[in-house]
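For reference, the chains in residue letters:
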Amino acid sequence: MIIALPTKESGEKAFVSENLGRANYFYLYDTKTKEGKSFKNNFLNELHGAGVKTAEFLLKYSTDILITPRIGEKALEILLETDINIYKSTEKIARENINDFLNDNLEKLY
Amino acid sequence: MKKLLFLSGKGGTGKTIIASSFIKLAKSENFADCDVEAPNLHLIYKKGQINSKPYYGLKIAKINADKCVNCGICYDNCRFGAIDLNDSNHQINPYKCEGCGVCGFVCPQGAIDFVDSISGSIDLYKDNYLFSTGSLKMGSGNSGLLVTEVKKQLDNHYEKITIIDGPPGIGCPVIASISGVDFVLLVSEPSYSGFSDLKRIIETINKFKIDFGVCINKYDLNIEISKEIKAYLNKQNYNFLGDISYSEKVSEIINNNEVVVDYDFVVGKEIKNIYLNTMALLDW
Amino acid sequence: MQIAILSGKGGAGKTLVAVNLVNLINLSTYIDCDVEEPNGKLYFSSEYNKKDINVLVPKINYKKCTHCNKCVDFCRYNALIDFLGKVKLLPSLCHSCGGCKLVCEFDAITEVKEPIGYIYQGDYKYHQIYGGELKIGKESGIEIISQLISKADKEKINIIDCPPGNGCSVMESIEQADYCILVSEPTIFGLENLKLVHELTTLYNKNIGLIINKANDYNNIIEDFAKTKDISIIGYIPFDKELAKLNSNQQLVSDNNKFKPYFIKIIEQIKQEVDL
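In this numbering scheme, every chain counts its residues from 1 along its sequence in written order. Labels are handed out in written order, letters beginning with A for the chains and numbers beginning with 1 for the ligands. At least 70 in pLDDT is required for a residue's local features to be given in this predicted model, at least 80 for side-chain atom pairs to be given and counted, and no such filter applies to totals for whole chains, interfaces and linings, which use all residues. Values reported for side chains reflect all heavy atoms of the structure, with hydrogen atoms and water molecules removed beforehand.

**Concerning the interface of chain A and chain C**
Just so we agree on the cut-off: Contacts are assigned to residue pairs that have any heavy atoms within 4.5 Å of one another. Note on definitions: buried area is the accessible-area loss of two parts on being combined, 1.4 Å probe, summed for both. A carboxyl oxygen of Asp or Glu within 4 Å of a side-chain nitrogen of Lys or Arg is what we treat as a salt bridge. Between N or O atoms, a polar contact is any pair within 3.5 Å; within protein, one atom must be a potential hydrogen donor and the other a potential acceptor, and residues adjacent in sequence are included only when both atoms are from side chains. Note on conventions: DSSP H or I runs of at least 4 residues are helices, E runs of at least 2 residues are strands, and numbering of each starts at the N terminus.
Counting from both sides, the interface comprises 12 residues of chain A and, opposite them, 15 residues of chain C. Together chain A and chain C conceal approximately 1300 Å² of surface at their shared face, both sides included; 61% is due to carbon and sulfur atoms. The largest share of the area that chain A buries against chain C comes from His48, Glu56 and Lys74 of chain A, three residues that together contribute 41% of it. Residues Glu81 of chain A and Lys88 of chain C are paired through a salt bridge, measuring 2.8 Å at the closest nitrogen-oxygen approach. Run the count over chain A and chain C and you get four residue pairs in polar contact (both at pLDDT 80 or more). Every element with two or more residues in the side of chain A that touches chain C is listed here: helix 1 (50-60) and helix 2 (73-79) of chain A.

Written out as structure tokens, the structure reads:
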């Protein structure tokens, strides 16, 4: 299972970003290998459709779970058509949000 | 840390006057003006050192006259009427170009380049506070990203209350300003157009599941409509935070670049009351 | 003849001026170009006919699409994405530039109509009333504005009520105007926003006049600016609680004998600038 989070910095100790499409980085964690990796958000400065390109990115990396504080309408429109489940993050670092999710302590958004 | 955003739907209801008062009352040292199409908060808080940087929009087309043979293919394909013909010379009208890239694709001479265009500026004032603001150049569309950039300049670990003066309307810049805030304070006015715009902005906020409260500015200019607005809020179970009276003194204070709550009169007191009601809802 | 009414700031009194000028100018037409917040029609009791306004958006023929992603890469607005191996359109991001159709080498893209809002038309006494509304969630109302402006009757006086701000929708609204009226209020906020629209009318070389609304003891804030920029002030509408109340109830204040003279004076001034 691949878990994705928008983060302010790179690495698992980074705080979750307030925005999804305009996050500085995305942290992707694979529960099978127990390994995570940060990706720089290449669409951060897009004038149009940053959220949409993020959704495209998440699909490309076969994300199963997205943990985010909020999600824009257009990105949501796309993700609702997929099997990705979306959970609400808390003001903690990426690693703690992943643990909270694995321990069933996060609220499901969609 | 709490972030408080001021919105109104309709323009000119008094958002900035109330936001500037809240900054004083909360002793906030971290605030922003996200009304990038018509910023005004800097007229009150413009002290200190300013750090300004350009804001770039989409790259726009530029015709290289040395390569252009005036074949007119770009002119025929541009859907935005952004290519002007002056004495059979083709030129791009930068105010109409939307940067779609079609002209560059169809040009057989490779005579069209896409160049950076400055669409506005991102400004940061540093005094004993941090004040982030920005302005969009005329004719530039799409200010959502500029709003995001303005908000990014704030200190996100600030422990007290961050105050953000938002843009009018319900479009893209409003949505960009809503993201990440804890509470929205809506400034309404008693007119039928104000009331209908209030309902539209509430509809927009509700999509984000963010808590909000409403105050009515100049409520006494039409007491009947003020009552209708309050009845509506009550019925929907929305927070009503208070009324503000009309007073000629308000423009006098603003025109001296000052803040309303620094004066001891009815409007100052009413805004203080709204401030206390808001803080109670914020658990502050 | 087109006369555009504009102000950088919301709530400065654009619509107040526009609807009351229409009310007093014989046979004039009112065109409300504020398609995001269309409030002008609330002043005129009328039955309205609606007409949908469409823009062109791409439609993908999946039988022909080879999934080469050229269109996805071309779209500067990110309106096309690669959705699990299929090209997907997000119509709300599309600017109708037609680029995707041009770059497709497999003839897999056609263009179809997509409604973005509507325009409406009605009659009030001897006046034609036009306006439009952009659907919530749509990015640009330019096409609706351009359709509205095309309704202007060349034989008559057309009063164009512009959107607030100084963005592209205002540019579209004033492009063909013969005369522009700037409406401001005497506060430092009003002045700041007046400067923005003045910059715009200067760029377009428009003949302009200025009205000070909510006039009070601070008119000099605006007057001083008008003097330095050589803008003629064509009228004052004093702040008055009764006027504010009538207007907030969406009534035409120029039907009231106390306020009618302000607008008559403004019309006299406009006549010195253009032929009414």
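**Some thoughts on the sheet that holds strand 1 (residues 2-6) of chain C**
All names here are of chain C. Heads up, the condition is: By this definition, two strands are paired if DSSP reports at least two bridges between them. Where helices are involved, their axes are fitted lines through C-alpha atoms of the stretch in contact, as for all axes, and angles between N-to-C directions lie from 0 to 180°.
Pairing is mixed across the open sheet formed by nine strands, whose spatial order is 3-6-7-2-8-1-9-10-11. The open sheet terminates on both sides in strands that have one partner only, identified here as strand 3 (49-60) and strand 11 (232-238). The mean inter-strand angle of the sheet, taken between neighbouring strand axes irrespective of direction, is 20°.

**Quick word on the side chain of His42 of chain B**
Among the structural elements, His42 of chain B can be located in the loop between strand 2 (30-33) and strand 3 (49-56). One polar contact links His42 of chain B to Glu192 of chain C, side chain to side chain, over a distance of 3.0 Å. If we ignore the near neighbours within four places in the chain, the residues touching His42 of chain B are Tyr125 and Phe131 of chain B together with Glu192 of chain C.

**What about the pairing of strand 2 of chain B?**
Residue and element names in this part refer to chain B. Filter applied, for reference: Accessibility here uses a 1.4 Å probe with only protein chains present; expressed as a share of the type maximum, an area under 20% marks a residue as buried, one over 50% as exposed, and anything in between as partly exposed.
Where burial is concerned, the two faces of strand 2 agree: the one with Asn30 and Ala32 and the one with Phe31 and Asp33 are both buried. Where strand 2 lies against strand 9 (residues 130-136), four bridges are found, and the strand directions are parallel. Note on strand 9: the bridge partner recorded for Ala32 is Ser132. Judged from the three bridges that link them, strand 2 and strand 10 (residues 161-165) form a sheet pairing that is parallel. Looking across to strand 10, one finds that Ala32 is bridged to Ile164.

**Some details on the packing of helix 6 (residues 192-206) of chain B against helix 7 (residues 223-236) of chain B**
All names here are of chain B. Here is the rule: Angle categories are assigned with fixed cut-offs, so that under 35 degrees is roughly parallel, over 145 is roughly antiparallel, 65 to 115 is roughly perpendicular, and the rest are oblique. A clockwise turn of the near helix away from the far one marks a right-handed crossing, whereas an anticlockwise turn of less than a right angle marks a left-handed crossing. By the convention adopted, Pro, Cys, Tyr, Trp, Phe, Met, Ile, Leu, Val and Ala count as nonpolar, Lys, Arg, Asp and Glu as charged, and the other residues, Gly among them, as polar.
Interhelical geometry of helix 6 versus helix 7 gives an angle of 20° and a closest axis separation of 10 Å. Looking at the two axes, helix 6 sits roughly parallel to helix 7. Two packed elements cross with a definite hand, and for helix 6 against helix 7 that hand is right-handed. Where helix 6 approaches helix 7, its residues Tyr192, Phe195, Leu198, Lys199 and Ile202 are matched on the opposing element by Ile225, Glu228, Ile229, Tyr232 and Leu233. Classifying every residue of the contact of helix 6 with helix 7 by side-chain character gives eight nonpolar, no polar and two charged.

**Overview of the packing of aromatic side chains**
As a reminder, the rule being used: The pairing test for Phe, Tyr and Trp rings, Trp by its six-membered ring, is centres within 6.5 Å, and the orientation test on the planes gives stacked under 30 degrees, edge-to-face over 60, and tilted for anything in between. Geometrically, a charge over a ring is one whose NZ (Lys) or CZ (Arg) sits within 6 Å of the ring centre while staying within 35 degrees of the ring normal.
This structure, assessed with the given rule, holds 22 aromatic pairs over all chains. Measuring from centroid to centroid gives 5.0 Å for Phe212 of chain B and Tyr238 of chain B, while their planes differ by 55°, and the two rings are tilted. Highlighted residues: Phe212 of chain B in strand 12 (residues 211-216) and Tyr238 of chain B in the loop between helix 7 and strand 13 (239-243), separated in sequence by 26 residues. Connected via pairs of aromatic rings, a cluster forms that spans Phe31, Tyr45, Tyr125, Tyr129 and Phe131 of chain B. For the cation-ring pair, Lys199 of chain B lies above Phe195 of chain B, with the distance from its terminal atom to the ring centre recorded as 4.3 Å. Stacked on the ring of Tyr118 of chain C, the Lys or Arg Lys50 of chain C has its end atom at 4.4 Å from the ring centre.

**Some details on the side chain of Asn41 of chain A**
Residues and elements named next belong to chain A. In this structure, Asn41 sits in the loop between strand 3 (35-40) and helix 1. Given the relative accessible area of 6%, Asn41 is considered buried. In terms of polar contacts, Asn41 uses its side chain to reach the backbone carbonyl oxygen of Gly21, at 2.8 Å. With sequence-adjacent residues up to four places away left out, Asn41 is seen in contact with Leu20, Gly21, Arg22, Ala23, Asn24, Tyr25 and Phe26.

**Side note on the interface of chain B and chain C**
Across the boundary between the two partners, chain B contributes 53 residues, which contact 49 residues of chain C. Buried surface at the junction of chain B and chain C, summed over both partners, amounts to about 4300 Å²; 56% is from carbon and sulfur atoms. Considering only the surface of chain B that becomes buried against chain C, Arg79, Met138 and Asn255 of chain B emerge as the three largest contributors, covering 15% of it. The tally of links between chain B and chain C comes to four salt bridges. Arg79 of chain B is paired through a salt bridge with Glu111 of chain C; the nearest N and O atoms lie 2.7 Å apart. There are 19 residue pairs in polar contact (both at pLDDT 80 or more) connecting chain B and chain C. Those elements that place two or more of their residues in the side of chain B that touches chain C are helix 1 (15-25), helix 3 (102-106), helix 6, helix 7 and helix 8 (249-255) of chain B. Per-element tally for the side of chain B that touches chain C: the top contributor is helix 6 of chain B, with six residues. When grouped by side-chain class, the residues that make up the side of chain B that touches chain C number 21 nonpolar, 20 polar and 12 charged.

**Focus: the nonpolar core**
This is how it is decided: In these notes, a set of buried Ala, Val, Leu, Ile, Met, Phe, Trp, Tyr and Cys residues joined through side-chain atoms within 4.5 Å is what counts as a nonpolar core.
Of all hydrophobic cores here, the largest spans 134 residues; its most connected members are Phe22 and Ile163 of chain B. Considering every element that reaches this core, the biggest residue donor is helix 6 (residues 188-203) of chain C, with six residues. Not counting residues up to four positions away in its chain, the partners in contact with Ile163 of chain B are Leu4, Phe6, Ala19, Phe22, Ile23, Ala26, Ser28, Asn30, Phe31 and Ala32 of chain B. Grouped together as the second largest cluster of nonpolar side chains are 36 residues, Leu47 of chain A together with Ala32, Ile201 and Ile229 of chain B included.

**Description of the confidence of the model for chain A**
To keep it simple, the criterion reads: One number per residue, pLDDT, summarises how confident the predictor is, and it ranges from 0 to 100.
Looking at chain A, pLDDT values average 92 and 100% of them are 70 or higher. Highest mean pLDDT in chain A belongs to strand 2 (residues 25-30) of chain A (97); lowest belongs to helix 2 of chain A (88).

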